[in-house]
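Coordinate analysis (summary)
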Amino acid sequence: MRTARRPAPPLDPGLPRPEPVLEVVVPVHNEEHDLEPCVRRLHAHLAETFPYPFRITVADNASTDRTPWIAARLAGELPETRWVRLEEKGRGRALHTVWSRSPAPVLAYLDVDLSTDLAALLPLVAPLISGHSDLAIGTRLARGSRVVRGPKREIISRCYNGLLRGTLSVGFTDAQCGFKAVRREVAVRLLPLVKDREWFFDTELLVIAERAGLRIHEVPVDWVDDPDSRVDLLPTALADLRGMARLGRALARGRLPLTALGSAGTAAGSAAVTPPAGRLAQLLRFAAVGAAGTLLHLGLYVLLRPAAGAQAGNALALLLCTVLNTAANRRFTFGVRGRAGLPAHHLGGLVALLAGLAVTGAALAVLHHTVPGADPGAELPVLVAANLAAALLRFHLLRAWVLPGRRSRRTTGTSAS
């Protein structure tokens, strides 16, 4: 029989308050309109449903509006609420600062817009309180999630998480959802290794944790997009790409003490290879991946063209698609799994990118020379035709680059050193 949870009785103001079991951080920058309803709603929810002592910390990132004044007033009115002021912007900086100093066994954060339904908060932190898991994340991309958002953000989110899977071989499904928690003893070990202090902070934390073999619990969430989001998409996307490159280099060169964080899986660095498929089967699989990649390329191009222009928009869209295309072809077309050989295979993908960029860029240049002022409606068919022309070259490049690596691994696995 299921029993209803009852809130703890109110504390005598004259008595010392117990140390919190959970500390929830709300990072903010110029959020004078959303801050008060968020904190009051969060406080009421925790007081009614959370069975342990808690604390809410508003982390103000160098706000220049009334946010600090509102945060200070809320801290004075609501028990278990405080605020800290940082003189520099950066969500990662706020989380790093507060989490590093917190005495709570479980540390969490959520976005001030409360896009994520608070009903998922207890399922998020319960595995950490019990000791079952080391980190927990809300996911909008798993079965059971219910998400309301526009196609632009949906495409960007799925591309970002697909890019992570393709480049860093991550297993978690949603790196960007602003709804995460970590055990304090795990945070103490992880935080010194996380270099980013802005939006890439979450991703870097999760990638390092997963590579170290720490347990990451995922909770499907109900999530409603905030139309007033302050995230500047293009600079954030470029910063994330730089973060991925930096983190990938650090992992490849063994600069992170992963063994000190936890025991990684014994097969994490090996590749499981399926028997090579015949050329016809590979062509069919390559065509399926290519069709999906072409649609993604066109969608990204339509999103990026207004801000970046035709040639730059095409180059950025093609770069993102090439990384995903290489990862998909590596696994689906050529049957290669695992991390072994991954840098070399993506290098082959980048060579294919240059070929594809030359073909599509030249096609756009010819179109604009022939039809000055051509709009996206005329550009899209040209890009489709150019992609088809570049596809055969890409197939032969990937086949030549990936398959020798598979033969080499087999030889190495059977030879004596």
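Preceding this section is the structure that the text describes.
Here we summarise the structure given alongside this text. Just so it is clear, the structure is predicted and the values come from calculations on it, not from any experiment.

**Section: empty space enclosed by the protein**
Counted according to the given criterion, the structure contains one cavity of 30 Å³ or more. Volume-wise, the largest cavity comes out at about 30 Å³. Around the largest cavity sit Trp99, Leu135, Ile137, Lys180, Ala181, Val182, Leu205 and Leu206, which together line it. Listing elements by their share of the lining of the largest cavity, those giving two or more residues are strand E5 (135–139), strand E7 (179–183) and helix H7 (201–211). No other element matches the three residues that E7 contributes to the lining of the largest cavity. Split by residue class, the lining of the largest cavity holds seven nonpolar, no polar and one charged.

**A look at the environment of Val58**
In this structure, Val58 sits in strand E2 (residues 54–61). For Val58, a relative accessible area of 1% puts it in the buried group. C-alpha separation for the pair Val58 and Val84, spaced 26 residues apart in sequence, amounts to 6.3 Å. Apart from the residues lying within four places of it in its own chain, the contact partners of Val58 are Val26, Val28, Leu35, Val39, Ala71, Arg82, Trp83 and Val84.

**Here's the deal with the packing of aromatic side chains**
Across all of its chains, the model carries three aromatic pairs by this definition. Geometrically, the ring pair formed by Phe50 and Tyr52 is edge-to-face, given 5.7 Å between the ring centres and 70° between the ring planes. Judged by relative accessible area, which is 5%, Phe50 ranks as buried. In this structure an aromatic cluster arises from ring pairing among Trp99, Tyr109 and Phe201. Arg140 extends its terminal NZ or CZ atom over the ring of Trp223, reaching a point 4.7 Å from the ring centre.

**Overview of the sheet that holds strand E8 (residues 216–220)**
The seven strands are arranged E3-E2-E1-E4-E7-E5-E8 in an open sheet whose pairing can be described as mixed. Here the strands that pair on one side only, and so sit at the sheet edges, are strand E3 (81–86) and E8. Taken pair by pair, the neighbouring strands of this sheet meet at an average axis angle of 20°, ignoring direction. Taken together, the five bridges between strand E4 (residues 106–110) and E7 define a ladder with antiparallel strand orientation. Across the sheet, Leu107 pairs through a bridge with Val182, a residue of E7. Sheet strands in contact with helix H3 (residues 91–101) are strand E1 (22–28), E2, E3, E4 and E7, and its direction is about 150° off that of E1. Helix H4 (residues 121–129) contacts E1, E4, E5, E7 and E8 of the sheet and is inclined by roughly 15° relative to E7.

Thresholds, definitions, all that
Residues numbered from 1 in each chain as written. Predicted model: local features only at pLDDT ≥ 70, side-chain atom pairs only at ≥ 80, totals over all residues. Heavy atoms only, no water. 1 Å grid on protein atoms, 1.4 Å probe; cavity = no way out; pocket = protein on both sides within 12 Å on 5 of 7 lines; lining within 4 Å. Points joined across faces, edges and corners; volume = space filled by probe spheres on them. Helix = DSSP H or I, 4+ residues; strand = E, 2+ residues; numbered from the N terminus. Nonpolar A, V, L, I, M, F, W, Y, C, P; charged D, E, K, R; others polar. Buried < 20%, exposed > 50% of the residue type's maximum accessible area, 1.4 Å probe, protein only. Contact = heavy atoms within 4.5 Å. Phe/Tyr/Trp six-rings, centres within 6.5 Å; stacked < 30°, edge-to-face > 60°. Lys NZ or Arg CZ within 6 Å of the ring centre and 35° of its normal. Pairing = 2+ DSSP bridges. Axes fitted to C-alpha atoms, helices over the stretch in contact; angles between N-to-C directions.

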